[in-house]
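Here is how the chains run, residue by residue.
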Amino acid sequence: MDRSSLGYGLGKIAPELVMGGPPPISALKANLDFILTVNIIQEFTFQEVGHLRTLKTTVGGFPRPLPDFSAKNIANIFDEAFGYELEPPLDPYRDSLS
């Protein structure tokens with residue numbers, strides 16, 4: 001879920017929501033400024049956990065799929081979205097601005 005700000009993900013925050021799914025590929029703790037960005041990302045995290053709980057209650061849920069949160073994969077997604085390769089490649093774990 002949000003290993004980027006907390007250093008651990010959904011398996012620790014709400015293991016009942018993983019439902020046997022595998023841990024994500026290459027999720028890392030990001031180098032974020034503590035005062036503002038970490039707090040904002042953590043709020044998003046806990047909000048998303050609430051969304052997952054609601055989905056599980058409403059439609060029954062399903063096992064977590066295998067997400068790839070590697071910096072390279074995220075950079076590829078952004079390159080495709082922009083239509084060209086960003087230089088330098090996006091590294092969402094580098095700092096708060098990324």
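Residues numbered from 1 in each chain as written. Predicted model: local features only at pLDDT ≥ 70, side-chain atom pairs only at ≥ 80, totals over all residues. Heavy atoms only, no water.

Turning our eyes to something else, we now look at the environment of asparagine 76. Positionally, asparagine 76 belongs in helix H4 (residues 71-82). Residue asparagine 76 is classed as partly exposed on the basis of its relative accessible area, which comes to 35%. With 14 residues separating them along the chain, asparagine 76 and leucine 90 place their C-alpha atoms 8.5 Å apart. (Helix = DSSP H or I, 4+ residues; strand = E, 2+ residues; numbered from the N terminus. Buried < 20%, exposed > 50% of the residue type's maximum accessible area, 1.4 Å probe, protein only.)

So, on to the confidence of the model for the protein chain. In this model, the protein chain carries a mean pLDDT of 89, and residues with pLDDT of at least 70 account for 97%. Per-residue pLDDT, averaged within each element of the protein chain, yields its smallest value for helix H1 (residues 3-6) (75) and its largest for H4 (96). (pLDDT = per-residue confidence, 0-100.)

What follows deals with unusual backbone geometry. Here glutamate 87 and proline 88 are connected by a cis peptide whose omega angle stands at 0 degrees. One can find proline 88 in the segment after H4. The phi torsion at serine 26 lies on the positive side, around 60 degrees, for a residue other than glycine. Along the chain, serine 26 turns up in the loop between helix H2 (10-13) and helix H3 (34-59).

This part covers the side chain of aspartate 79. Relative to the elements of secondary structure, aspartate 79 occurs in helix H4. Discounting residues that sit within four places of it in the chain, aspartate 79 has contacts with Tyr84, Glu85 and Leu86. (Contact = heavy atoms within 4.5 Å.)

Another point: a nonpolar patch on the surface. On the surface, Phe34, Ile35, Leu36, Ile40 and Phe44 cluster together into a nonpolar patch covering about 580 Å² of accessible area. With respect to the helices and strands, isoleucine 35 occurs in helix H3. On the basis of relative accessible area, isoleucine 35 is assigned to the exposed category, the value being 69%. (Patch = residues over 30% accessible without salt bridge, like charges linked within 9 Å, V, L, I, M, F, W, Y side chains within 5 Å. Areas by Shrake-Rupley, 256 points an atom, 1.4 Å probe, with all protein chains shown as cover. Salt bridge = Lys/Arg side-chain N within 4 Å of Asp/Glu carboxyl O.)

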